[in-house]
Amino acid sequence: MAESATLFEEIIRIATAVKQSEQTLVSDMSRLGELYRLMGLLPESEKIHLEARARVEGITPIPQRLHAYVLTHLGLTQSTMPDARKVASGVEALRAALKIEEAVDGEQHPRSFTGRGNLAVTLSELGLDDAAQAPEFKKESLDLHERSRAIGASLPLAPNAYYLSLSDLAVWNLQHPVGDEAQRKAQLQDAVKLGEEAL
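Let me begin by describing the structure that accompanies this report.

Rules used throughout
- Residues numbered from 1 in each chain as written.
- Predicted model: local features only at pLDDT ≥ 70, side-chain atom pairs only at ≥ 80, totals over all residues.
- Heavy atoms only, no water.
- Helix = DSSP H or I, 4+ residues; strand = E, 2+ residues; numbered from the N terminus.
- Buried < 20%, exposed > 50% of the residue type's maximum accessible area, 1.4 Å probe, protein only.
- Contact = heavy atoms within 4.5 Å.
- Salt bridge = Lys/Arg side-chain N within 4 Å of Asp/Glu carboxyl O.

### Looking at the environment of Phe-113
With respect to the helices and strands, Phe-113 occurs in helix H6 (residues 110–129). We classify Phe-113 as buried; its relative accessible area is 1%. Taking C-alpha positions, Phe-113 is 9.2 Å from His-145, a pair spaced 32 residues apart along the chain.

### Notes on the side chain of Glu-102
Relative to the assigned elements, Glu-102 resides in helix H5 (residues 84–105). Overall, Glu-102 belongs to the buried group, its relative accessible area being 18%. If sequence neighbours within four positions are ignored, Glu-102 has contacts with Glu-107, Ser-112, Arg-116 and Arg-147.

### Some points on the pattern of salt bridges
Taken as a whole and assessed by the stated rule, the structure comprises 14 salt bridges. Here Asp-28 and Arg-31 are joined by a salt bridge, their closest N and O atoms 3.2 Å apart. On the criterion of helical spacing, the pair formed by Asp-28 and Arg-31 is a turn pair, its members being three residues apart in helix H2 (residues 22–38). Residue Asp-105 pairs with Arg-111 through a salt bridge whose shortest N-O separation is 2.9 Å. For Arg-111, a relative accessible area of 37% puts it in the partly exposed group. Look at the salt bridges and you will find they share partners, linking Glu-102, Glu-107, Arg-116 and Arg-147 into a network.

Pasting the structure below:
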């Protein structure tokens, strides 16, 4: 991973020097930020994602899919940082990314399922760490999972992201029961059925 980060750093240095496409540069910056996050270098990841966000928001018109991509990775980084203000900013970035994804691609698109899943899982994890906001985070997380389940159930052939979201919902409900038991059992049965059909 460190070699990949070094490679992306060099790509960004060259792209900046030769005035490469701003969208390509932003995309490469976001990839580097994601590598930093996966390496546990959260301050470095946040710094490059913030720069990528400023650059993408400076393009006219703003490329919405790229904007959502940058916001997603910024949100995933900030939501794992120890500073509560940064965590709140990260959650807001994930919400903004999801809003863009659903507006651009529609709520049935795989990117929208992934966006709902990212936000739902992040909120459920934060709910475990923050007792004061746990009920609010758990409810929003559950609502997002339920929304994905309802949308996916209405599709003749749902995307893989839907199955993952449904599985996440079932596992999360088993670990952290919310709502009535009949609802949790129905969600688990749906997840198992769809998993068996996928095999």
